[in-house]
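Structure at a glance
The chain contents come next:
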Amino acid sequence: MAQVRIQHLLSDGEKNYLSGRKLCVQKCLVKNNIRCTLSKVPNIAILGSGGGERAMVGLLGSLSQMGEAGLLDAALYMSGVSGSTWCMASLYEKANWSSDMEQIKVVAERFGHGSVSLKDRVWHLIGYYRANDNFSLTDVWSALVVPEIVKKIDKSTLSNYQKCHDKDPYPIYTVINQDCKYEHLQRETFFELTPHEAGYTLAGAFVETAYFGSIFNKGVLTKPKPEMDMTYLQGLCGSALADKEVILKILKEWLEGGENMKALKDHKGVQLLSTVVDLQLCQYTGCDPAPLLQTANEMLLGKMGLDGRMLQFNFDGKNSTDQNEQIHTVTSAASKFFFEWNKDLVDLEVREELDVFVKTHDKVNEKSPDKLVGGGSKVDELLKKFIDRVEKEAVALQSHAGPRLILQVLELYYGIHREEDWTHLVVELNTLLKGKKTVSGRDLMINEDEWLEADLNSRKKLAHGLSLEICKSFWSWFPDLKNAIWDYIVKKIMQFLEWLLKYWIWGTNYNYLHRMNAPQIDKRLLQSETTHFEDAGLLVNSPYMSALRHEREIDLIISFDFSAGNPMETLTETAEECKDLDISFPKIEYTKSDVSSPKGFYVFKGLKKAPTVIHIPLFNVDNCGSKLEDYRKKYGTFQGAYSPEMIEDLIKKAGENVLNNKETLLGVIKDIIEQK
């Protein structure tokens, strides 16, 4: 009977795997004229950061050149976040791929020229709907979108790696627990999945990977559930890239191009679904919604919502919040009453597909409970109330910087939420933030160039992150404001901002720690029957914590960083997390020019218990020269699919970072062995 394991020890399966892998590492070092006994073989981990398709292709190019240079078998572990996990999953489809460079060529060819039909993706989604008690947006993203990116539906499972991989780096896929992140439970937030166990990296609570997603009670398995497949795992790991517009476009394609749906295109019920999707897409395309409103309202005549009132659209197309509220009302009603409204569709073979479509559309429009924050149900109304309250309380303080800062943050997000361009506030915010540091000592500013280039979704994420950091640091900056009124205001704003971040519900999974007697785990994690996981890149865009797990005794981290923006950010964020968690990490020092014009290879030497870190930014002055900014703009995180030519070029560019620094890398390994 499967049980939860709470120990700060590696699983027996991982230890057995590593004993065989170390022999491969030793042979690799000998081939590179580095001789050492088995006991002195260094524990080396390769890390791949997030960065969407750029990370997926960039990691492929980096690993390809590591293989060509005879260095790939020096790695004991390989760990990924977000887009890098898409590359990992594609390579690990073949047993012992790291000793067969042919698999890298096969994957590169598939990324550039492969495809997965809409029909296959829809049927995979239907399969998820049938099997998953906790059907969520992760199912939708994983089945409909991820196969379009990686060009394959992979139905294998991670636990299957146990049987067919014995000569590859030990793979670690990383996510974070969304609920723990919002509760500020740092040690319980980081989560990993390996072929043998899934669990909380730093808290030390694990379950066999094959049973992750099954139902446990007090640490004992009570109801087995099917293990998630690799397509779902890739969607879970890469959920930060989820985009509502992308999903809506696929839903539209499903209605118009799906084999079964096409036959029903003239049916009033299907036409209503199509019209509502078109209304939502108008928010992105800027088209006039008036004709669609008239059509939708004609189809809604006589239909009632969940509250018993007649359904009708009456927004004017200017207020996206009103539109979202009304669309949510209609899709919720359609999810429950669709076949009651369209009884002639009940007995058709296409019923299940229609049911999954309606439930999927409802998930896309799902929102958190309105009463979570209190005082109103519309986001812009709540924002306006906060702004009015802060202005009222700030009158007596005249020009105090604290209230001005809070006001600027709220007004910035208010503008973004209403899809207005309030870029001028970024400049004003940076002026107010000058010289201020977060609780962990980091400078807090918005990169104005990054802001100008960002799309609406990216701006929302930047504004959210900034707002939460300001609220956390507020009292250290303005201790003179500490009183009951301002304490209440700041707490309410924090609660509100965290509610906004939870607007979409992702990665719902049964909580295997439910009702356990585990005093070393925060009790808040033990209380809920389900919990939620998301892309680890939403916290730190590189999987350092999996390599810093004490039991793994990592000597050297080789970090391939494919992040957008500041190329040194993952290092500084990890250093801050390590400081808070009392984890040994090298001292990170760099100059302003390392941010604007990074080199292709950095070494941060570990002292005492800290591992040495090699940091390799994807685009740098060494491999891009004067075209650095051109490459950054060419390979965006949220742009459409890369062309075959772009993929080929990116693979080569990423590989140059290894090719240019092979001897330096070998020198670092030699030094580590001498120190062991």
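What comes next concerns the included structure. (Residues numbered from 1 in each chain as written. Predicted model: local features only at pLDDT ≥ 70, side-chain atom pairs only at ≥ 80, totals over all residues. Heavy atoms only, no water.)

**What about the overall build of the protein?**
If you tally the helices and strands in the protein, you get 29 helices and 14 strands. In the protein, buried positions account for 60% of the 676 residues. Counted over contacts in the protein with a minimum sequence separation of 6, partners at least 24 positions apart contribute 72%. Roughly 28500 Å² of accessible area belongs to the protein as shown, and the carbon and sulfur atoms make up 50% of that amount. (Helix = DSSP H or I, 4+ residues; strand = E, 2+ residues; numbered from the N terminus. Buried < 20%, exposed > 50% of the residue type's maximum accessible area, 1.4 Å probe, protein only. Contact = heavy atoms within 4.5 Å. Areas by Shrake-Rupley, 256 points an atom, 1.4 Å probe, with all protein chains shown as cover.)

**Considerations on the packing of aromatic side chains**
What the rule picks out here adds up to 22 aromatic pairs. Relative to Trp97, the ring of Tyr92 lies with its centre 5.4 Å away and its plane at 70°, an arrangement referred to as edge-to-face. This pair shows no difference in class: Tyr92 is buried, exactly as Trp97 is. Summarising the aromatic geometry, the rings of Trp254 and Phe357 are spaced 5.0 Å apart at their centres and angled 75° between planes, so their arrangement reads as edge-to-face. (Phe/Tyr/Trp six-rings, centres within 6.5 Å; stacked < 30°, edge-to-face > 60°.)

**Focus: helix H3 (residues 83-91)**
Judged by how many residues are buried, H3 sits mostly within the fold: 9 of 9 residues are covered. Every buried residue of H3 is listed here: Gly83, Ser84, Thr85, Trp86, Cys87, Met88, Ala89, Ser90 and Leu91.

**With respect to empty space enclosed by the protein**
One pass over the full model with this rule turns up 6 cavities of 30 Å³ or more. Estimated volume of the largest cavity: approximately 130 Å³. In terms of lining, the largest cavity is formed by 17 residues, of which the most central are Phe190, Ala536, Ser542, Pro543 and Met545. Going through the elements one at a time, strand S4 (170-177), strand S5 (190-193), helix H23 (544-548) and helix H24 (569-581) are the ones with two or more residues in the lining of the largest cavity. Across the lining of the largest cavity, the residue classes break down as 11 nonpolar, 5 polar and 1 charged. (1 Å grid on protein atoms, 1.4 Å probe; cavity = no way out; pocket = protein on both sides within 12 Å on 5 of 7 lines; lining within 4 Å. Points joined across faces, edges and corners; volume = space filled by probe spheres on them. Nonpolar A, V, L, I, M, F, W, Y, C, P; charged D, E, K, R; others polar.)

**Examining the pattern of salt bridges**
Applying the stated criterion to the full structure yields 25 salt bridges. For the salt bridge of Glu93 with Arg110, the shortest nitrogen-to-oxygen distance reads 3.0 Å. Placement of the pair is Glu93 in the loop between H3 and helix H4 (101-113) and Arg110 in helix H4, with a sequence separation of 17 residues. Judged by relative accessible area, Glu93 falls into the partly exposed class, the value being 28%. As a salt-bridge pair, Lys181 and Glu534 come within 2.7 Å of each other at their nearest N and O atoms. With a gap of 353 residues between them, Lys181 in helix H8 (residues 178-182) and Glu534 in strand S11 (residues 530-535) connect regions that are remote in the sequence. Just as Lys181 is buried, Glu534 falls in that class too. Taken together, the shared-partner salt bridges in this structure form one network comprising Glu14, Glu192, Arg549, Glu551 and Arg552. (Salt bridge = Lys/Arg side-chain N within 4 Å of Asp/Glu carboxyl O.)

**Describing the packing of helix H6 (residues 137-150) against helix H11 (residues 244-257)**
Running from N to C, H6 and H11 cross one another at 85°; their axes reach a closest spacing of 11 Å. Viewed along their axes, H6 and H11 adopt a mutual orientation that is roughly perpendicular. Contacts between H6 and H11 involve Val140, Trp141, Leu144, Val145 and Glu148 from the first element and Val246, Ile247, Ile250, Leu251 and Trp254 from the second. Split by residue class, the contact of H6 with H11 holds 9 nonpolar, no polar and 1 charged. (Axes fitted to C-alpha atoms, helices over the stretch in contact; angles between N-to-C directions. Parallel < 35°, antiparallel > 145°, perpendicular 65-115°, else oblique.)

**Considerations on the state of the cysteines**
Counting across every chain of the model gives 0 disulfides. Among the cysteines around Cys24, which has no disulfide bond, Cys28 carries the closest sulfur, lying 9.3 Å off. (Disulfide = S-S within 2.5 Å.)

**Looking at the nonpolar core**
Across soluble globular proteins, nonpolar side chains have a tendency to be buried as a group. Within the largest apolar cluster, 158 residues are counted, with the highest numbers of intra-cluster contacts made by Tyr173 and Leu513. If you tally residues by element for this core, the top one is H6, at 8 residues. Sequence-distant contacts of Leu513, defined by excluding residues within four places in its chain, comprise Val4, Tyr200, Ala205, Ile521, Leu525 and Leu526. Counting 24 residues, the second-largest nonpolar core is a separate cluster that includes Leu432, Leu444, Ala463 and Phe478. (Core = buried A, V, L, I, M, F, W, Y, C linked by side-chain atoms within 4.5 Å.)

**Considerations on the packing of H3 against helix H10 (residues 230-237)**
With their axes 8 Å apart at the nearest point, H3 and H10 run at an angle of 160° to one another. It follows that H3 is roughly antiparallel to H10 by the angle criterion. In this structure, H3 crosses over H10, and the sense of that crossing is right-handed. Contacts between H3 and H10 involve Thr85, Trp86 and Ala89 on the former and, on the latter, Met230, Gln234 and Cys237. For the contact of H3 with H10, the residue count by class is 4 nonpolar, 2 polar and no charged. (Left-handed = near helix turned anticlockwise from the far one by under 90°.)

**A word on helix H16 (residues 351-364)**
An α-helix turns once every 3.6 residues. As a result, residues three or four positions apart point the same way. Its 14 residues place the ends of H16 20 Å apart at the C-alpha level, agreeing with the 20 Å of an ideal helix rising 1.5 Å per residue. Along H16, the positions that sit buried rather than exposed are Glu353, Leu354, Asp355, Val356, Phe357, Val358, Thr360, His361 and Val364. (Expected span 1.5 Å × (residues − 1).)

**Quick word on the layout of surface pockets**
Here the second largest pocket defines a volume of roughly 610 Å³. His550, Ile554, Lys609, Ala610 and Pro611 are, among the 24 residues lining the second largest pocket, the residues nearest its centre. Mapped by element, the contributors of at least two residues to the lining of the second largest pocket are H23 and helix H29 (662-675). When grouped by side-chain class, the residues that make up the lining of the second largest pocket number 8 nonpolar, 7 polar and 9 charged.

**Some words on a negative patch on the surface**
A cluster of acidic side chains, namely Glu448, Asp449, Glu450, Glu453 and Glu569, defines a negative patch on the protein surface. The dominant element in the negative patch, judged by the number of residues it contributes, is helix H20 (residues 448-453), at 4 residues. With respect to the helices, strands and loops of the structure, Glu448 is situated in helix H20. You can call Glu448 partly exposed: its relative accessible area is 36%. (Patch = residues over 30% accessible without salt bridge, like charges linked within 9 Å, V, L, I, M, F, W, Y side chains within 5 Å. Lys, Arg positive; Asp, Glu negative; His and termini not counted. Charge placed at Lys NZ, Arg CZ, Asp CG, Glu CD.)

**Here we look at unusual backbone geometry**
In this structure, Lys218 takes a positive phi of about 55° despite not being glycine. Among the structural elements, Lys218 can be located in the loop between strand S8 (215-217) and strand S9 (220-223).

**Considerations on the pairing of strand S7 (residues 205-208)**
Sheet topology places strand S1 (residues 5-6) next to S7; 2 bridges connect them, and they run antiparallel. Among the inter-strand pairings, Arg5 is bridged to a residue of S7, identified as Phe206. Hairpin remark: strand S6 (residues 197-200) followed by S7, antiparallel, with 4 residues in the connecting loop; positive phi at Gly204, about 75°. (Pairing = 2+ DSSP bridges.)

**Observations regarding the side chain of Lys653**
By the secondary structure assignment, Lys653 is in helix H28 (residues 644-659). Overall, Lys653 belongs to the buried group, its relative accessible area being 11%.

**Quick word on the environment of Gln3**
Relative to the elements of secondary structure, Gln3 occurs in the segment before S1. Residue classification places Gln3 among the exposed residues on the basis of a relative accessible area of 52%. Discounting chain neighbours no more than four positions away, the residues touching Gln3 are Phe206, Phe216, Gly219 and Val220.

**Considering the environment of Cys36**
Along the polypeptide, Cys36 turns up in the loop between helix H1 (12-31) and strand S2 (44-48). Put simply, Cys36 and Glu674 are 638 residues apart on the chain and 9.1 Å apart in space, counted from C-alpha to C-alpha. Residues in contact with Cys36, not counting those within four places in the same chain, are Gln26, Leu29, Val41 and Ile673.

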